[in-house]
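Results of the structural survey
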Amino acid sequence: MKTKFEKFFPYINNKYLLLVLRYLRFVLLLINSINRLGRRGYLIVAMPKSGSSFIEEYISKKKKLKPQVAISTIYRESFYGDSHLINLNKIDILLVKYFGVLIKTHSIPKIEDLNLLDNDDYMFLLRNPSEAAKSGINHAARYKWHAREKLSHEALTEEFLSWQRNVYKVSGDKNIVNTENLKKELSILLSISEDDSDYERVLKNAIKRNPSHYRNVK
């Protein structure tokens, strides 16, 4: 949980209010990260409904980084709920590079922007597109106001397949982990033990705080 009031976001059905609160959240998080200025951060580019909120919290703990949100996706997230359909802006890459923050996003950066980061300062999180789409449909059904509640499973699966293909174009098959074999692949990418005790502890606490968010993800 990045901010105390973020847990109320799924229940806010006024998109303009949601937009304002998300920009406020960005500013508060940025102020909270000032003491990290000049340090290396980390970027997580994740398929929607892939368990990325847990990954964000876990990597934040392991790398001792403070989470930030991608400012270039706030408008799209607030009004359309489909930030995976837009590119991540360079400003967010620069925040990771120079402001020492951890940014988790569903938006894929451009190759030239990603190249501004060191190879060990980012990762891509994938999940079976059909399973992710099923979770996405269930999520939208729980929040009826959601902008994409009427999207079909087939259409969302195709979106996620396209997203995945674009990830491979940008990443060159590098720094990719999959939810289907998450613990092992994370341990390899981050050079930590597969039996790391923080993994289960962080996952358990994340699910306990927000069980509906993780429903049908694992």
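Here the structure is a predicted model, which is why all the values come from computation and not from measurement. (Residues numbered from 1 in each chain as written. Predicted model: local features only at pLDDT ≥ 70, side-chain atom pairs only at ≥ 80, totals over all residues. Heavy atoms only, no water.)

What to know about the packing of aromatic side chains
Note the following rule: Stacked, tilted and edge-to-face pairs are distinguished by plane angle, under 30 degrees for stacked and over 60 for edge-to-face with tilted covering the rest, among Phe, Tyr and Trp rings (Trp via its six-membered ring) whose centres lie within 6.5 Å. Categorising residues by exposure relies on relative accessible area from a 1.4 Å probe, with only protein chains included: less than 20% of the type maximum marks a residue as buried, more than 50% marks it as exposed, and the intermediate range marks it as partly exposed.
Enumeration over the complete set of coordinates arrives at seven aromatic pairs. An angle of 80° between the planes, with centres 5.9 Å apart, marks the rings of tyrosine 122 and phenylalanine 124 as edge-to-face. Note on accessibility: tyrosine 122 and phenylalanine 124 belong to one class, buried. Members of the aromatic cluster, each reached through a chain of ring pairs, are Tyr16, Tyr75, Phe79 and Tyr80.

Focus on the sheet that holds strand β1 (residues 42-46)
Convention followed: Any two strands with at least two DSSP bridges between them are considered paired. Numbering of helices and strands runs from the N terminus; a helix is a DSSP stretch of H or I covering at least four residues, while a strand is a stretch of E covering at least two. Only C-alpha atoms enter the line fits that serve as axes; for helices the fit covers just the stretch in contact. Angles between N-to-C directions range over 0 to 180 degrees. We call two residues contacting when some pair of their heavy atoms lies within 4.5 Å.
Pairing in this open sheet of five strands is parallel, and the strands run β2-β4-β1-β6-β7 from one edge to the other. Here the strands that pair on one side only, and so sit at the sheet edges, are β2 (66-68) and β7 (176-178). Between one strand axis and the next, the sheet turns through 25° on average, direction left out of account. Pairing geometry for β1 and strand β4 (residues 101-105), over four bridges, is parallel. Within the sheet, the bridge partner assigned to valine 45 lies in β4 and is threonine 105. Against the sheet, helix α7 (residues 153-171) contacts β1, β6 (122-126) and β7, and its axis sits at roughly 155° relative to β6.

Let's talk about the pairing of β1
Working note: regular strand, side chains alternate between the two faces of the sheet. Counting buried residues in β1 gives five out of five residues, a clear majority hidden from the surface. Neither face of β1 is left uncovered, since the one carrying Tyr42, Ile44 and Ala46 and the one carrying Leu43 and Val45 both have all their residues buried. Sheet topology note: the β1/β6 ladder contains four bridges and is parallel. If you follow alanine 46 over to β6, its bridge partner there is leucine 125.

Considerations on the nonpolar core
Burial of nonpolar side chains together is a common tendency in soluble globular proteins. Stated precisely, the cut-off is as follows: Put simply, buried Ala, Val, Leu, Ile, Met, Phe, Trp, Tyr and Cys residues joined by side-chain atoms within 4.5 Å make one nonpolar core.
By size, the foremost hydrophobic cluster in this structure holds 31 residues, and its most contacted members are Leu43, Ile103, Leu114, Leu117, Phe124, Trp163 and Val167. Of all the elements in the fold, those that place two or more residues in this core are α1 (15-32), β1, α3 (74-79), α4 (90-99), β4, β6, α6 (129-142) and α7. No other element matches α7, which puts five residues into this core. Judged by nonpolar contacts, the second largest core, of 18 residues, contains Tyr42, Ile44, Ala46 and Leu125.

What to know about the environment of valine 27
Tracing the backbone through its elements, the reader meets valine 27 in helix α1. Spatially, the C-alpha atom of valine 27 lies 9.5 Å from that of isoleucine 71, the residues being 44 residues apart in sequence.

Section: the packing of α6 against α7
The condition that has to hold: Should an angle fall under 35 degrees it is called roughly parallel, over 145 degrees roughly antiparallel, and 65 to 115 degrees roughly perpendicular, with every other angle called oblique. Crossings are classed by handedness, with left-handed meaning an anticlockwise turn of the near helix from the far one by less than a right angle and right-handed meaning a clockwise turn.
The interhelical angle for the contact between α6 and α7, taken along N-to-C directions, is 130°, at an axis separation of 8 Å. The angle between α6 and α7 places the two elements in the oblique class. Relative to α7, the crossing made by α6 is right-handed. Across the interface between the two elements, Pro129, Ser130, Ala132, Ala133, Lys134, Gly136 and Ile137 from α6 touch His153, Leu156, Thr157, Phe160, Leu161 and Gln164 from α7.

A short note on the pattern of salt bridges
Operational definition: For this document, the term salt bridge refers to a Lys or Arg side-chain nitrogen within 4 Å of an Asp or Glu carboxyl oxygen.
In this structure the tally under the stated criterion is eleven salt bridges. One salt bridge in this structure joins glutamate 200 and lysine 183, with 3.0 Å as the shortest N-O distance. Taken as a pair, glutamate 200 in helix α9 (residues 197-209) and lysine 183 in helix α8 (residues 182-190) lie far apart in primary sequence, 17 residues in all. Residues joined in a network through salt bridges with shared partners are Arg40, Asp118, Asp120 and Asp121.

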